[in-house]
Amino acid sequence: MSSYTIWAVAVGQHADEFGLGEASVRTAMPVSIRPSFPRFLNLHDQAECAIVLTSQVQEQQEVYIALRSCDSRTVVQADSAAYQLSLPGFGRRELRFSLRAVAVGEAKLQIAVASGTYADGVEVCLPVLTPATTESMAVYGHLDGDGCVAQPVSPPAGAFPEYGGLEVSTNSTAIYCLTDAFLYLYRYPFQCTEQLASRVMAVAALRDLLQAFMQGEKGGDVNMPTPEHVEESMQRALLELQRRQKDNGGWGWWSASQETSPYVSLHTAHALARALKKGYVLEDKVVTKMTQYLQEVLPHEISQFTSPQTRSALLALSANVLWRLGKKQPACRVAESMLDSLAGSVSVEAMGWAVMPLLELNKDRAEQLLAELDSRASQTAELAEFVADYKWDGQTVMLYSHTRANAVILEALIEARPQHPLIPKVVKSIQKQQGRGGCWNNTQENAHVLLALDSYFQAFEKETPDFIADLFVGKTFAGQQTWKGRTTDTVVLKVPMKALQEMKESPTITVDKKGVGRLYYRLGMDYCIPGNIVA
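> Looking at this structure, I do not really get the sheet that holds strand 18 (residues 476-484). What am I missing?
Pairing between the strands of a sheet is mediated by backbone hydrogen bonds and can be parallel or antiparallel. Read across the sheet, 4 strands follow the order 13-20-17-18 without closing on themselves; strand pairing throughout is antiparallel. Looking along the sheet, the strands with just one partner apiece sit at the ends: strand 13 (147-152) and strand 18. Strand-to-strand, the axes of this sheet are offset by a mean angle of 15 degrees, without reference to chain direction. Pairing geometry for strand 17 (residues 466-473) and strand 20 (residues 508-516), over 8 bridges, is antiparallel. Bridge pairing in strand 20 links L471 to V511.

Spelled out as structure tokens, the structure:
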């Protein structure tokens, strides 16, 4: 049934000769259909649908209704394709029928009604979606040198063949492109002491790593500054940090700051210690005053803070910096004293900083810290992370960052236990926190992440990849991938669930590697079984 409004305008030869008229016209089909369908169905849903038949004639009629699918493949099935019923004059009848969703996609149903010379038809589009609740499982690992891994795979009993399947991912690095994080620090417009120190850390950490990835087969990143410009910026930052050192050997937030800040002083001393290790030259008096500050002045400044977590983190960081400056005995004593005096209040970040100062001279104590870190890890099959807990003044004094804490612990695990199974998981967890712009939340987060990933690169990926990986599904060869040179690309092979279910025996997925470099793999399966669908 439709309504129309008609307007008519008449104009004569003279200006005062005109008129306007309006009329309404209503039209109606002798027999019409009005469907009532759900907005969508989930896979394997069964729904009761209805159409309302309306008669605009006086006589009772026998009407015939037919349903058909216009899809290239069957998406929904009706319990019947044809119906017959009596429709009273000027009356309505409701017809109900069942539909079952048998595949994912958009179903197109045509419904037609006929009675003698009268007829009507309608087409309905009905989306069929994947089930609201699905499940995934995955196995992660890596291969060094020549080797292979074989993983039996069995699709879950009753899994829907239309959804999910096996996915095998391989790549040659756990380190994604770090160019944006480096540029964030290199081009950072502000010049507080912490930000300058973070830039020094970034250049010291990534000078070798970025060059390895940028000088690959694709010709590098045109947005990167030249090595000469990076070196000039590094020298300017080092000179400015040395100039800002206070008489007591520490640093304040700004060049004009009168008082030293314990955390800023430690962060700056840490950056300068990293620069020394990379071969940069500092004035002797700067290093001497810095060392004296760490050993004599800093302990008194730390005592003003009320939070034991804050004090433990500052003391642990000072021990770590002393260790990097080659002061191993004093570093070990500071770490031991911190653990003895603040037992039960040591944050996981402080544990990460304290591991290396203890490892050489008090191995038992270091192993205790590593065991405690293991127990504090929150992990899944893919990711692992640690959460530090700073109270009271810790958030502002330490500039606490969850990502920074994970980076600190990652570097400690790499230096102390290179084969620790949590290391690749923590790397992935840190990279999950990377923002859309390719960097992390602030300058110190970026600096510590770059330090940790540089340690990972030096420990596990220093060899340029040059290997071949063959993949087998059961006894069937599924593909070969050649890795030559540095790249962050990932190769993915997918096997549909239906293909897995049609195999006579549950297959074994085999990844066979030959050549130099590290291969990372992920064997994952997505699936849905009837019990997972929410009614």
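> Would you mind showing me how to read the nonpolar core here?
Note on soluble globular proteins: their nonpolar side chains tend to be buried together. Residues F182, L410 and Y456 are the most contacted members of the largest nonpolar core, which totals 103 residues. Each residue touching L410, except ones within four places of it in the same chain, is listed here: I423, V426, V427, I430, A452 and L453. Counting residues in each nonpolar core, the second largest holds 25 residues, with V31, I65, L87 and V128 among its members.

> Explanation requested: a nonpolar patch on the surface in the structure shown.
A cluster of nonpolar side chains, W7, V9, V11, F18 and L20, forms an exposed patch at the surface whose accessible area comes to about 680 Å². For the nonpolar patch, the secondary-structure elements that each account for two or more residues are strand 1 (2-11) and strand 2 (18-27). The class for L20 is exposed, based on a relative accessible area of 68%.

> What should I look at first to understand the pattern of salt bridges in this one?
It is possible for side chains bearing opposite charge to pair when their charged atoms get close. Inspection of every chain in the model, using the stated rule, returns 20 salt bridges. The residue R324 makes a salt bridge to E411 at a minimum N-O spacing of 3.9 Å. Taken together, the positions of R324 in helix 6 (residues 308-324) and E411 in helix 11 (residues 402-416) put the pair 87 residues apart, joining distant regions of the chain. For R324, a relative accessible area of 14% corresponds to the buried category. In this structure, E367 and R417 form a salt bridge, with 2.6 Å as the shortest nitrogen-oxygen distance. Of the two residues, E367 sits in helix 9 (residues 363-376) while R417 sits in the loop between helix 11 and helix 12 (423-432), which places them 50 residues apart along the sequence. Several salt bridges share partner residues, and in doing so they unite R274, R324, E411 and E415 into one network.

> Looking at this structure, I do not really get the side chain of T193. What am I missing?
Within the secondary structure layout, T193 lies in helix 2 (residues 193-214). The residues touching T193, leaving out its near neighbours within four places in the chain, are L241, R244, W251, G252, W253, W254, V264 and T268.

> What exactly am I supposed to notice about empty space enclosed by the protein here?
Once rolled over the atoms, a probe with the size of a water molecule shows which space is left empty. Overall, the coordinates contain 2 cavities of 30 Å³ or more when judged by the stated rule. For the largest cavity, the calculated volume is near 70 Å³. For the lining of the largest cavity, the secondary-structure elements that each account for two or more residues are helix 4 (262-277), helix 6, helix 8 (348-359), helix 11 and helix 13 (443-460). At 4 residues, the largest contribution of residues to the lining of the largest cavity is made by helix 11.

> Looking at this structure, how should I read the pairing of strand 11 (residues 118-129)?
The side chains of a regular strand alternate, residue by residue, between the two faces of the sheet. Note: strand 4 (residues 41-42) against strand 11, 2 bridges, orientation parallel. Within strand 11, the position partnered with L41 by the bridge is V128. Bridge analysis of strand 10 (residues 105-115) against strand 11 gives 11 bridges, and the strand direction is antiparallel. Bridge pairing links Q110 to E123 in strand 11. Hairpin remark: strand 10 followed by strand 11, antiparallel, with 2 residues in the connecting loop; positive phi at G116, about 65 degrees.

Cut-offs applied
- Residues numbered from 1 in each chain as written.
- Predicted model: local features only at pLDDT ≥ 70, side-chain atom pairs only at ≥ 80, totals over all residues.
- Heavy atoms only, no water.
- Pairing = 2+ DSSP bridges.
- Helix = DSSP H or I, 4+ residues; strand = E, 2+ residues; numbered from the N terminus.
- Axes fitted to C-alpha atoms, helices over the stretch in contact; angles between N-to-C directions.
- Core = buried A, V, L, I, M, F, W, Y, C linked by side-chain atoms within 4.5 Å.
- Buried < 20%, exposed > 50% of the residue type's maximum accessible area, 1.4 Å probe, protein only.
- Contact = heavy atoms within 4.5 Å.
- Patch = residues over 30% accessible without salt bridge, like charges linked within 9 Å, V, L, I, M, F, W, Y side chains within 5 Å.
- Areas by Shrake-Rupley, 256 points an atom, 1.4 Å probe, with all protein chains shown as cover.
- Salt bridge = Lys/Arg side-chain N within 4 Å of Asp/Glu carboxyl O.
- 1 Å grid on protein atoms, 1.4 Å probe; cavity = no way out; pocket = protein on both sides within 12 Å on 5 of 7 lines; lining within 4 Å.
- Points joined across faces, edges and corners; volume = space filled by probe spheres on them.

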